[in-house]
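Geometric and topological summary
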Amino acid sequence: QVQLVESGGGLVQDGGSLRLSCAASRSIFSIQTMGWYRQAPGKQRELVAQRTIGGKANYADSVKGRFTIFRDNAKNTVYLQMNSLKPEDTAVYYCNCVLDTWTYWGQGTQVTVSS
């Protein structure tokens, strides 16, 4: 199993930047995909970004060109660099991974962007 702990959330102004971190409790070298999701109040949880062990990255259309996901397998950590933040980016952001047949989630970190 994997324990995931997110950090780095906070309150920023429109146009600001944040970097989120997700620390895993075990090696992630063999985990095919790790990613970030987010959920705003009243909305469904959505995929923000994910990166595979082979280096392929996928992004939601709404964040392309603004967000970047970094996967540092040596540090067992995944980062999400968020630039040019918009009020619509406000949500709880969750780190996740799939190991065998189980999906693991962190507790989430709040990101609030003021207008």
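From a predicted model like this one, the values you see are computed outputs, not experimental measurements.

Concerning the environment of Ala74
- With respect to the helices, strands and loops of the structure, Ala74 is situated in the loop between strand S7 (67-72) and strand S8 (77-82).
- Along the sequence, Ala74 and Ser27 sit 47 residues apart, while their C-alpha atoms lie 7.9 Å from each other.

With respect to the environment of Asp72
- Relative to the helices and strands, Asp72 is located in strand S7.
- Its relative accessible area of 24% is what places Asp72 among the partly exposed residues.
- Residues contacting Asp72, with those up to four places away along its chain left out, are Ile28, Thr77 and Tyr79.

Some details on the packing of aromatic side chains
- Here the structure, examined in full by the defined rule, presents two aromatic pairs.
- Each ring, one from Tyr37 and one from Trp105, has its centre 5.0 Å from the other, and the planes form 70°; the classification is edge-to-face. With Tyr37 in strand S4 (residues 33-39) and Trp105 in strand S10 (residues 102-105), this residue pair connects regions lying 68 residues apart in the sequence.
- Note on Tyr94 and Trp105: the rings are 6.5 Å apart at their centroids and 90° apart in plane angle, and the pair reads as edge-to-face. With Tyr94 in strand S9 (residues 91-99) and Trp105 in strand S10, this residue pair connects regions lying eleven residues apart in the sequence.
- Grouped by ring-pair contacts, the aromatic residues Tyr37, Tyr94 and Trp105 constitute a single cluster.
- The ring of Tyr94 carries Arg45 above its face, with NZ or CZ at 3.9 Å from the centroid.
- For Arg45, the ring lying beneath its charged end belongs to Trp105, and the centroid distance is 4.5 Å.

Here is what the cut-offs are and how they apply
- Residues numbered from 1 in each chain as written.
- Predicted model: local features only at pLDDT ≥ 70, side-chain atom pairs only at ≥ 80, totals over all residues.
- Heavy atoms only, no water.
- Helix = DSSP H or I, 4+ residues; strand = E, 2+ residues; numbered from the N terminus.
- Buried < 20%, exposed > 50% of the residue type's maximum accessible area, 1.4 Å probe, protein only.
- Contact = heavy atoms within 4.5 Å.
- Phe/Tyr/Trp six-rings, centres within 6.5 Å; stacked < 30°, edge-to-face > 60°.
- Lys NZ or Arg CZ within 6 Å of the ring centre and 35° of its normal.

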